[in-house]
Amino acid sequence: MNEPLLKVEHLKKNFPIRGGVFSKQIGAVKAVDDISFTIHKGETLGLVGESGCGKSTTGRMLLRLLEPSEGKIIFEGNDITKLSNRELRKIRGKMQMIFQDPYASLNPRHTIERILEEPLLVHGVKDKEARQKKVRELLEIVGLNSYHATRYPHQFSGGQRQRIGIARALSLNPKLIIADEPVSALDVSIQAQVLNLMKDLQKNFDLTYLFIAHDLGVVRHISDRVGVMYLGRMVELAESEEVYQNPKHPYTQALLSAVPIADVDYKKERIVLQGDVPSPANPPSGCTFHTRCPLAFEKCAVERPLFKEVEPGHFAACHLHG
Ligand code: SF4
């Protein structure tokens, strides 16, 4: 495996809950509750879980779009957790984000040229001709044409808009791209095209991805390893095929049993999880999954299971595994 590009150590994000006349803090939502993982150069780490499990909050913290409450983010060997905005600006180009809804993230009043030029301007590319040349190159790289530069976001289809979002993310030659549900809003046939484009770009430009999704099927096609989150915690992490063929955590098993994946050995009858995901403002004690876990036993409600290596390279947080 290549050397680490990004290391996350004991990352936490608490959002305060305020109430009363003086708007005092009366609690906290533990959106991300002590997670650690590494992303190696050139790999794609998929991050999956139900809505509200903390995966998008994690992605935003890695780019410092949200400030972590605790923990460390180490990028290229440097701790970037406490960098000032000015210091951050220097490395921002190396870490970029692709959003789920490209339409919401593209200014409808700006031409594509202006949208793609903007990051270049912010990072000091003063020569107009150089910027225009780069814009044309970027459009071609993502499978669009240079004449698209004069058009506006509403003149494109959803798939084309996501290509523009990808072009913008590539404009500063990043090393790491955090893709937050980048194909969830697209038709299935278009999803495959965008995923293939992302794979090609990864090869051609030596990119590393954190690919966030709620759909285990989508993540499988692009990820080298997959991490599964539940209620702010990482519950399983392993090589992609290992997760799909040999899931260790009952939550991963339940998620997989609901996904129609034709070619996995892991075939079990559908596990229907009881109840809703509990509130992260008041998470269950012990293993936070115990209120829904079909295999829960006494210890589960009392003791938090450690996230540990249960087989070489395969991590899980469950009392059934040690
Ligand atoms: Fe289920 Fe217990 Fe394992 Fe949690 S620790 S996943 S409740 S068996």
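In the block above lies the structure referred to throughout.
Fair warning: this is a prediction, and the values are worked out from it, not measured in the lab.

A. Layout of the site of the ligand. As a matter of local geometry, the ligand sits amid His249, Pro250, Cys287, Phe289, His290, Cys293, Leu295, Ala296, Cys300, Cys318, His319 and Leu320. More than half of the atoms belonging to the ligand lie within 2 Å of the grid points that define the largest cavity.

B. Spatial organisation of the layout of surface pockets. The volume enclosed by the largest pocket comes to roughly 550 Å³. As for the largest pocket, its lining consists of 22 residues, of which Arg92, Gln96, Pro119, Arg168 and Leu172 are closest to the centre. Every element with two or more residues in the lining of the largest pocket is listed here: helix H2 (85-92), strand E6 (95-98), helix H4 (112-122) and helix H6 (158-170). Top contributing element to the lining of the largest pocket by residue count: H4, with four residues. A per-class count over the lining of the largest pocket returns eleven nonpolar, seven polar and four charged. Volume-wise, the second largest pocket comes out at about 280 Å³. Around the second largest pocket, the lining is made up of 16 residues, and of these Asp34, Met234, Arg304, Pro305 and Phe307 lie nearest the centre. Here the lining of the second largest pocket is composed, by residue class, of nine nonpolar, four polar and three charged.

C. Focus on the sheet that holds strand E5 (residues 78-79). Spatial strand order, E2-E1-E4-E5: four strands in an open sheet with antiparallel pairing. The open sheet has two edge strands, strand E2 (24-40) and E5, and neither has a second partner. Relative to strand E4 (residues 70-75), strand E1 (residues 4-19) runs antiparallel, the two being bridged by five bridges. The residue bridging Val8 from the neighbouring strand is Ile73, located in E4. Taken strand by strand, helix H1 (residues 55-62) contacts E1, E2 and E4, and its axis lies near 115° from that of E1.

D. Seen up close, the pairing of strand E9 (residues 225-230). For E9, the tally of buried residues reaches six of six residues, placing the bulk of the element in the interior. Burial along E9 is two-sided: Arg225, Gly227 and Met229 facing one way and Val226, Val228 and Tyr230 facing the other are all buried. Relative to E9, strand E3 (residues 44-48) is paired through four bridges, and the arrangement is parallel. Within the sheet, the bridge partner assigned to Gly46 lies in E9 and is Val226.

E. Broad picture of the packing of H4 against helix H5 (residues 128-141). Relative orientation of the contacting elements H4 and H5 amounts to 120°, with a least axis distance of 9 Å. Judged by the sense of rotation from one axis to the other, the crossing of H4 with H5 is right-handed. In contact with Ile112, Glu113, Leu116, Glu117, Leu120 and Leu121 of H4, H5 contributes Lys128, Arg131, Gln132, Lys134, Val135 and Leu139. Among the residues making up the contact of H4 with H5, the classes are represented as six nonpolar, one polar and five charged.

F. Region of the structure containing empty space enclosed by the protein. Scanning all chains against the criterion turns up three cavities of 30 Å³ or more. Of the volumes computed, that of the largest cavity is approximately 80 Å³. Considering the residues around the largest cavity, the lining is formed by 13 residues, among which Pro250, Cys287, Cys293, Cys300 and Cys318 are closest to the centre. Across the lining of the largest cavity, the residue classes tally to ten nonpolar, three polar and no charged.

G. Molecular detail of the packing of aromatic side chains. Summed over the entire model, instances satisfying the criterion amount to four aromatic pairs. Taking 4.7 Å as the distance between ring centres and 55° as the angle between the ring planes, the aromatic pair formed by Tyr230 and Tyr251 counts as tilted. With Tyr230 in strand E9 and Tyr251 in helix H10 (residues 250-257), the pair connects residues that are 21 residues apart, well separated along the chain. For the pair formed by Tyr230 and Tyr251, the shared burial category is buried. On the basis of an interplanar angle of 25° and a centroid distance of 5.8 Å, the ring pair of Phe307 and Phe315 is categorised as stacked. Take Phe307: its relative accessible area is 30%, and that puts it in the partly exposed class. Residue class for Phe315 comes out partly exposed when judged on its relative accessible area of 27%. Every member of this aromatic cluster is reached through a ring pair, and the members are Tyr230, Tyr251 and Phe289. Positioned above the aromatic ring of Tyr244 is the side chain of Arg220, whose terminal nitrogen or guanidinium carbon lies 5.0 Å from the ring centre.

Analysis parameters
Residues numbered from 1 in each chain as written. Predicted model: local features only at pLDDT ≥ 70, side-chain atom pairs only at ≥ 80, totals over all residues. Heavy atoms only, no water. Near = heavy atom within 4 Å. 1 Å grid on protein atoms, 1.4 Å probe; cavity = no way out; pocket = protein on both sides within 12 Å on 5 of 7 lines; lining within 4 Å. Sits in = over half its atoms within 2 Å of the grid points. Points joined across faces, edges and corners; volume = space filled by probe spheres on them. Helix = DSSP H or I, 4+ residues; strand = E, 2+ residues; numbered from the N terminus. Nonpolar A, V, L, I, M, F, W, Y, C, P; charged D, E, K, R; others polar. Pairing = 2+ DSSP bridges. Contact = heavy atoms within 4.5 Å. Axes fitted to C-alpha atoms, helices over the stretch in contact; angles between N-to-C directions. Buried < 20%, exposed > 50% of the residue type's maximum accessible area, 1.4 Å probe, protein only. Left-handed = near helix turned anticlockwise from the far one by under 90°. Phe/Tyr/Trp six-rings, centres within 6.5 Å; stacked < 30°, edge-to-face > 60°. Lys NZ or Arg CZ within 6 Å of the ring centre and 35° of its normal.

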